[in-house]
Number of protein chains: 2
Amino acid sequence: MNAEIISVGTELLLGHTINTDASFVARELSTIGVNLLFAGTVGDNVPRLKEALESALSRSDLVITTGGLGPTGDDLTKETIAETAGKKLVMHQESMDRIVSYFKGRELGETQKKQAMLPEGCTVFPNDHGTAPGCGFETADGKTIIMLPGPPSELIPMLKNYAIPYLTRGEKAVIVSKIVRVFGLGEGFVAEKIADLTDCANPTAATYAKDGEMFVRVTARAESEEKAEAMCAPVVEELKSRFEDFIYGIDVESLEEVVVTELGKRGLHLATAESCTGGLLSKRLTDIAGASQVFQMGAVTYANEIKTLLLGVPESTLKQYGAVSEQTARAMAKGVRAKSGSELGIGITGIAGPDGGTPEKPVGLIYIALCDGEHTWVRKMQHAGASKGREYLRWLASSNALDMVRRYLTGCTGLEEAAYSKKI
Amino acid sequence: MNAEIISVGTELLLGHTINTDASFVARELSTIGVNLLFAGTVGDNVPRLKEALESALSRSDLVITTGGLGPTGDDLTKETIAETAGKKLVMHQESMDRIVSYFKGRELGETQKKQAMLPEGCTVFPNDHGTAPGCGFETADGKTIIMLPGPPSELIPMLKNYAIPYLTRGEKAVIVSKIVRVFGLGEGFVAEKIADLTDCANPTAATYAKDGEMFVRVTARAESEEKAEAMCAPVVEELKSRFEDFIYGIDVESLEEVVVTELGKRGLHLATAESCTGGLLSKRLTDIAGASQVFQMGAVTYANEIKTLLLGVPESTLKQYGAVSEQTARAMAKGVRAKSGSELGIGITGIAGPDGGTPEKPVGLIYIALCDGEHTWVRKMQHAGASKGREYLRWLASSNALDMVRRYLTGCTGLEEAAYSKKI
């Protein structure tokens, strides 16, 4: 099935709102085997929307619109589509009741009421996170039109819970996806290693790279959830056997989530001492709600004196080896662990640039130490993405630190191996 | 002039790459008065690109393509456009020389060389950050076509430095933009207050909201930079007189940039003690290259014992008023200032949620203290965006902290007034 997205909204054409809806819809469509031919954006303008819609219907089986369903005067998607498709708009009582209850007794304006007007005979998609419902229907010549609201907080659940089931209604197909997260291997390398798996049509496997890490999405379609799960399982097992402990989680959100969860399970605590990452590691840990159970103290020690004062890094170490050195990273990890009374301490020191590099210690040289009281491990980052700039280097350093903790907690080896250095 | 953007790339239709190029192009076009009618995305597919191009040329004066200029086999934009527009591709020696020098003597494959093939008679836009040049030309029936590379790091400078001047070549017009950054006033309020200014055609003024703050962009077109500057100046002055010290900078990037710059000018140092923001404030400060001159120490003190141990927050304060209290925020600011030997100390404590709120101390209650040794100011955030979630609350708290330091350094009042509470 070929599909097309039309995003409606003048604000999208002014360039200050980035259209993330289209990406989200595209991604979800691909999981049910729908092929996206075009994605277009038009303003809140009836003739232009009509033109875009007519072009889309002339070449695609499915047209999905996002936006323009709300109560304001420039929300004209429904009216335009109904007219183009030769459908009457009729009041949908259940949607009206929902809108009335959403406003909790406050009086409704006419514009609010028009949100309950929907094309005759359509399948209504309730809006569980706002007022404007969406819908799907077939045109006289067998094309499918779906309308979704613009705000991502409304569109995403409506697409998943109503529009995708509507599209797959004939098939009785259930779709199950597994996200296999990998840290420390390049996307090109992973993609090459699983070319045999990504060629398969059901289940599908596809690689994606983001923020210095990557994931493989395994998706199966079957007549029941159980069967779809059973189809995913061997592919996930195969990925596990190929990438071993470079996989840090299945269906998890991030390295920091895994670290906070694993610390919590074991009743352990982590403390951080950061120089070049400047608090990014503690920020990422505390992005996770509930981090307070496992994270008690973070120190951002930019100045040498503060490294000594707060963490007890010996002045002699700083003098002999410099602030950016394996020895200083070790002393920072040990120091913050002891100071905080945590079982684990992390120390990060390096040169994030753009200035401050020397031939001996170039931008991109970063040492990360993990100390558990008995032993201290150090990972050295070098030349890894130095050209990608300060923000990327800082991010990658914090990811490496999280990966070391994750490996430690789950009994993996490779604590000292810098990400991307190994090809398994 | 009416324009249309066509973004080319199958990866954009799979949904894992968000198309930011189109937004950027849209924004830049608006500054030269070009009106964007449509934005479309097509895959790396000759017939579909051709169809999109033909539709676009039939209704718009200007078509800008992004992507598909690179060396790989699926980069087909140039070939398709040249064919559609009836132009021959010819080798552009200067571009070839640039590509050869980019590869520093390594042998060039045929695919690399094809990047120097450009439509006969076009204006070439050199790629100062990559290999594939862009170009602009007019079709036989007077439409303008511009091709730009896909990677934002190449597209952005090429658009600014070559494509926009190409588009405005006939006019001898220079465009000058001033970004007036505002913190602490809502967009709706600001937009209402300057409705008279935003109605004007040249200079234009437009409001934009992002991450809990907003900015006004003032853009003037004139025959010389001097004249355009002179046209912007009175509008900027008018904004200053209307929004006074809620304006934190003109043509600056962020609050943290202003804070680091202003501290540096005065030779002052700042130390941070964070609880609910978990290092986000120190992360933002150290995002600025050169922060090491003014920022020496950050403490992330999640646990009460650490607040006492590291910052000297009295146990009695924590017991009597609780960790989330004005008194604890004050003690944290004082403590980190003293410990670090900095002139200024910030303390932040609060409840970022989603858990941990009580009827007395709900999610969204955050205290921020600034201490200069003589005096301590406290700003209280409450109900400000509590429903927008943990990430937003943490961001807003760190922005409020930066705003307090900015106001202190530049001699403004209002250090204790929570953002958005005041309507001037």
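Naming follows an unreviewed UniProt entry, where chain A appears as Putative competence-damage inducible protein of Caproiciproducens faecalis. For the record of chain A, the UniProt heading Sequence similarities (unreviewed entry) holds the text "Belongs to the CinA family."

A. Region of the structure containing helix H4 (residues 77-85) of chain B. Restricting attention to buried positions, one finds in H4(B) the residues Thr77(B), Lys78(B), Thr80(B), Ile81(B), Ala82(B) and Ala85(B). Backbone geometry just after H4(B) places Gly86(B) at a positive phi near 70°.

B. A look at the relation of the copies chain A and chain B. Between chain A and chain B, which share one sequence, the superposing operator has a rotation angle of 180° and an axial displacement of 0.2 Å; the RMSD is 0.3 Å. Taken together, these values place the two copies in the relation of a two-fold axis. Among all C-alpha atoms of chain A, that of Gly40(A) lies closest to the rotation axis, at 2.0 Å. Of all interface residues in chain A, 98% are interface residues in chain B too; the two copies therefore contact each other through one and the same surface.

C. View of the sheet that holds strand E11 (residues 213-222) of chain B. Residues and elements named next belong to chain B. The four strands are arranged E10-E11-E9-E12 in an open sheet whose pairing can be described as antiparallel. Looking at the sheet topology across the chains shown, the edges are occupied by strand E10 (204-210) and strand E12 (247-250). For this sheet the average axis-to-axis angle between neighbouring strands, irrespective of direction, equals 20°. The pairing of strand E9 (residues 174-182) with E11 spans nine bridges and is classified as antiparallel. Its bridge partner lying in E11, Val-176 is registered against Ala-220. Packed onto the sheet, helix H2 (residues 21-31) meets E9 and E11 and runs at close to 50° relative to E11.

D. View of the domain arrangement of chain A. Residues and elements named next belong to chain A. Each domain of chain A was delimited in the assignment, giving domain 1 (2-167), domain 2 (174-250) and domain 3 (255-409). A C-alpha centroid distance of 32 Å is found between domain 1 and domain 2. With five residues of domain 1 in contact, the opposing surface of domain 2 contributes five residues. Between domain 1 and domain 2, the buried area comes to about 400 Å², and carbon and sulfur atoms account for 54% of it. When the area that domain 1 buries against domain 2 is broken down by residue, the three leading residues are Arg-27, Thr-31 and Ile-32, summing to 82%.

E. Fine view of the pattern of salt bridges. Residue and element names in this part refer to chain A. Applying the stated criterion across every chain, the model contains 46 salt bridges over all chains. Between Asp-196 and Arg-242 there is a salt bridge whose closest N-O contact spans 2.8 Å. Placement of Asp-196 in helix H9 (residues 195-198) and of Arg-242 in helix H10 (residues 225-243) is noted, with a sequence separation of 46 residues between them. With a relative accessible area of 22%, Arg-242 lands in the partly exposed category.

F. Region of the structure containing the side chain of Ser275(B). Residue and element names in this part refer to chain B. Along the chain, Ser-275 turns up in the loop between strand E13 (270-274) and helix H12 (280-287). When its relative accessible area of 9% is taken as the criterion, Ser-275 is described as buried. Within the structure, Ser-275 has its side chain in polar contact with the backbone oxygen of Thr-301 (distance 3.5 Å). Ignoring any residue separated from it by four or fewer positions in sequence, one finds Ser-275 in contact with Thr-301, Tyr-302, Lys-307, Met-332, Ile-348 and Thr-349.

G. Quick look at the packing of aromatic side chains. According to the stated counting rule, one finds six aromatic pairs over all chains in the structure shown. Ring centres of Tyr302(A) and Phe295(B) lie 5.8 Å apart, and the angle between their planes is 65°; on these two criteria the pair is classed as edge-to-face. Taken as a pair, Tyr302(A) in the loop between strand E14 (295-301) and helix H13 (304-311) and Phe295(B) in strand E14 (residues 295-301) lie in two separate chains rather than in one. Taken individually, Tyr302(A) and Phe295(B) each receive the classification buried, so the pair is uniform in this respect. Look at Trp377(A) and Tyr408(A): their rings are 5.5 Å apart centre to centre, the planes differ by 65°, and that puts the pair in the edge-to-face class. With Trp377(A) in strand E17 (residues 376-381) and Tyr408(A) in helix H16 (residues 390-409), this residue pair connects regions lying 31 residues apart in the sequence. You can call Trp377(A) buried: its relative accessible area is 19%. Tyr408(A) gets classed as partly exposed once you look at its relative accessible area, which sits at 25%. Against the face of Phe38(A) rests Arg59(A), its NZ or CZ located 3.9 Å from the ring centre.

H. Main features of the interface of chain A and chain B. With 57 residues of chain A at the interface, the matching set in chain B holds 56 residues. When the two sides are added together, the surface that chain A and chain B hide from each other amounts to roughly 4,500 Å², 59% of it contributed by carbon and sulfur. Of all residues in chain A, the largest losses of buried area upon contact with chain B belong to Leu13(A), His16(A) and Tyr302(A), amounting jointly to 13% of the total for that side. Between chain A and chain B we count four salt bridges in total. Note that Glu51(B) is salt-bridged to Arg59(A), the shortest N-O span being 2.7 Å.

I. Structural detail: the sheet that holds strand E11 (residues 213-222) of chain A. All names here are of chain A. Strands sit in the order E10-E11-E9-E12 across an open sheet of four strands; the sheet is antiparallel. Only two strands of the sheet have a single neighbouring strand rather than two, namely strand E10 (204-210) and strand E12 (247-250). In this sheet, neighbouring strand axes are inclined to one another by 25° on average, regardless of whether the strands run parallel or antiparallel. Against the sheet, helix H2 (residues 21-31) makes contact with strand E9 (174-182) and E11, and its axis sits at roughly 50° relative to E11, the strand it touches most. Along the sheet face, H10 touches E9, E11 and E12 and points at about 150° away from the line of E11.

J. Broad picture of unusual backbone geometry. All names here are of chain A. For the bond running from Gly-353 to Pro-354, omega is 0°, close enough to zero to count as cis. Tracing the chain through its elements places Pro-354 in the loop between strand E15 (344-350) and strand E16 (366-371). In this structure, Glu-244 is a non-glycine residue whose phi angle is positive, near 45°. Tracing the sequence through the fold places Glu-244 in the loop between H10 and E12.

K. Structural view of the environment of Lys319(B). Residues and elements named next belong to chain B. With respect to the secondary-structure elements, Lys-319 resides in helix H14 (residues 315-321). Taking the relative accessible area as the measure of exposure, Lys-319 reaches 77% and is therefore exposed. Taking the C-alpha atoms as reference points, Lys-319 and Asn-304, separated by 15 residues in sequence, lie 9.7 Å from one another.

L. Spatial organisation of the UniProt feature "domain: MoaB/Mog" (unreviewed entry) in chain A. Taking the numbering used here, the UniProt-annotated feature "domain: MoaB/Mog" (unreviewed entry) corresponds to residues 4-169 of chain A. Taken as a whole, residues 4-169 of chain A contains 42% helix and 22% strand, while its terminal C-alpha atoms sit 19 Å from one another.

M. View of the layout of surface pockets. Residue and element names in this part refer to chain A. In this structure, the second largest pocket spans a volume of roughly 660 Å³. Taken together, 28 residues form the lining of the second largest pocket, with Glu-11, Thr-17, Gly-150, Pro-151 and Pro-152 sitting closest to its centre. Mapped by element, the contributors of at least two residues to the lining of the second largest pocket are helix H1 (10-14) and helix H7 (152-167). Each residue belonging to the lining of the second largest pocket can be placed in one class, and the counts come to nine nonpolar, 13 polar and six charged.

N. Summary view of the pairing of strand E16 (residues 366-371) of chain B. All names here are of chain B. A large share of E16 lies buried, amounting to six of its six residues. Alternating positions in E16 separate into two faces, Ile-366, Ile-368 and Leu-370 on one and Tyr-367, Ala-369 and Cys-371 on the other, with burial throughout. Where strand E15 (residues 344-350) lies against E16, six bridges are found, and the strand directions are antiparallel. Of the residues in E16, the one forming a bridge with Ile-346 is Leu-370. As judged from the six bridges shared by E16 and strand E17 (residues 376-381), these two strands associate in the antiparallel manner. What sits directly across from Leu-370, in E17, is Trp-377. Connecting the antiparallel pair E16 and E17 is a turn made up of four residues, with Gly-373 showing a positive phi of about 95°.

The rules behind each value
- Residues numbered from 1 in each chain as written.
- Chains lettered and ligands numbered in written order.
- Predicted model: local features only at pLDDT ≥ 70, side-chain atom pairs only at ≥ 80, totals over all residues.
- Heavy atoms only, no water.
- UniProt positions renumbered as here; feature names shortened; annotations may be inferred.
- Buried < 20%, exposed > 50% of the residue type's maximum accessible area, 1.4 Å probe, protein only.
- Helix = DSSP H or I, 4+ residues; strand = E, 2+ residues; numbered from the N terminus.
- Least-squares fit on C-alpha atoms with pLDDT ≥ 70 in both.
- Contact = heavy atoms within 4.5 Å.
- Pairing = 2+ DSSP bridges.
- Axes fitted to C-alpha atoms, helices over the stretch in contact; angles between N-to-C directions.
- Domains from an automatic or database assignment.
- Buried area = accessible area lost by both parts, 1.4 Å probe.
- Salt bridge = Lys/Arg side-chain N within 4 Å of Asp/Glu carboxyl O.
- Polar contact = N/O pair within 3.5 Å; in protein donor to acceptor, adjacent residues only side chain to side chain.
- Phe/Tyr/Trp six-rings, centres within 6.5 Å; stacked < 30°, edge-to-face > 60°.
- Lys NZ or Arg CZ within 6 Å of the ring centre and 35° of its normal.
- 1 Å grid on protein atoms, 1.4 Å probe; cavity = no way out; pocket = protein on both sides within 12 Å on 5 of 7 lines; lining within 4 Å.
- Points joined across faces, edges and corners; volume = space filled by probe spheres on them.
- Nonpolar A, V, L, I, M, F, W, Y, C, P; charged D, E, K, R; others polar.

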